[in-house]
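This is what each chain is made of:
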Amino acid sequence: MPTKKAAKARQAAAKPAAPKRAPAKAASAAAAAKSGVARRKRFLAKVRESLDEMKTRLLSEMDSDLKAEREGNKDEGMDTYDLASEERDREINFILSDRERVKIKQIDDALERLDEGTYGVCESCGLEIGEERLQAMPFTRLCRDCQQDQEREARTQRRYEDERNVYRKLGSTDNEEESG
Ligand SMILES: [Zn+2]
């Protein structure tokens, strides 16, 4: 029996073999993180693609609106628009509805954040925003948790203000009763 114990103790003492494993684990974790990063990169590349498409579609719709306005209903296809022209930009801006302008601005902002590497990172907590959420709301700047926190805070704030108004009203009736 004691020899078994001693053997166990020796085994325990001989554990420095463990660090041999750790680097392997760390390496696989690093590899996992690396593949996570690569995956995210691919995802963000897709996001950029779809934002570019969205913008192109929006601009070409606007451009064909512009053409329709200028040349009646003459259908020329959409291959001839040249967005570089400053004059054209001015004209497009002129006929842009606010809604379209907001949309373009959102797309440009998102593309800028993609360039900066801040796209898809929650502005509040700094964690990555989930892919599903970004697919559903490509312009969001907050992760779901932070968005919910903000909404809850806004609700609490509203409730607090409502209560204050109620108290103020009650207070004023009290005062009126007292004075009257
Ligand atoms: Zn967050």
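The rules we used
- Residues numbered from 1 in each chain as written.
- Predicted model: local features only at pLDDT ≥ 70, side-chain atom pairs only at ≥ 80, totals over all residues.
- Heavy atoms only, no water.
- Donors = N, O, S within 2.8 Å, 3.2 Å for Na, K, Ca; no water.
- Tetrahedral: all angles 85-135°; square planar, octahedral: opposite > 155°, others 65-115°.
- Core = buried A, V, L, I, M, F, W, Y, C linked by side-chain atoms within 4.5 Å.
- Buried < 20%, exposed > 50% of the residue type's maximum accessible area, 1.4 Å probe, protein only.
- Helix = DSSP H or I, 4+ residues; strand = E, 2+ residues; numbered from the N terminus.
- Contact = heavy atoms within 4.5 Å.
- pLDDT = per-residue confidence, 0-100.
- Patch = residues over 30% accessible without salt bridge, like charges linked within 9 Å, V, L, I, M, F, W, Y side chains within 5 Å.
- Areas by Shrake-Rupley, 256 points an atom, 1.4 Å probe, with all protein chains shown as cover.
- Salt bridge = Lys/Arg side-chain N within 4 Å of Asp/Glu carboxyl O.

**Structural notes on the coordination of the zinc ion**
Link 1 in the chain: Within the protein, the zinc ion binds to C122 (SG), C125 (SG), C143 (SG) and C146 (SG); these donor distances fall in the range 2.3 Å.
Link 2 in the chain: Here the zinc ion is ringed by four donor atoms whose angles at the metal span 104 to 115 degrees, and the overall shape comes out tetrahedral.

**A short note on the nonpolar core**
Link 1 in the chain: In terms of nonpolar packing, the biggest core is built from 20 residues, with V47, L51, I107, L114, Y119, C122 and F139 touching the most fellow members.
Link 2 in the chain: For this core, the secondary-structure elements that each account for two or more residues are α2 (18-71) and α4 (98-116).
Link 3 in the chain: At seven residues, the largest contribution of residues to this core is made by α2.
Link 4 in the chain: Discounting chain neighbours no more than four positions away, the residues touching C122 are L127, I129, R141, L142, C143 and C146.

**Description of the confidence of the model for the chain**
Link 1 in the chain: Averaged over the chain, the pLDDT score is 78; the fraction of residues at 70 or greater is 66%.
Link 2 in the chain: When pLDDT is averaged over each helix and strand of the chain, the minimum, 54, is found for helix α1 (residues 2-13) and the maximum, 96, for helix α5 (residues 131-136).
Link 3 in the chain: Across residues 73-79, confidence stays below pLDDT 50; counting only partners more than four residues off in sequence or on other chains, it has five contacts.

**Topic: a nonpolar patch on the surface**
Link 1 in the chain: A cluster of nonpolar side chains, namely V166, Y167 and L170, defines an oily patch on the protein surface of about 320 Å² accessible area.
Link 2 in the chain: Counting through the fold element by element, L170 comes out in helix α6 (residues 144-179).
Link 3 in the chain: Judged by relative accessible area, which is 45%, L170 ranks as partly exposed.

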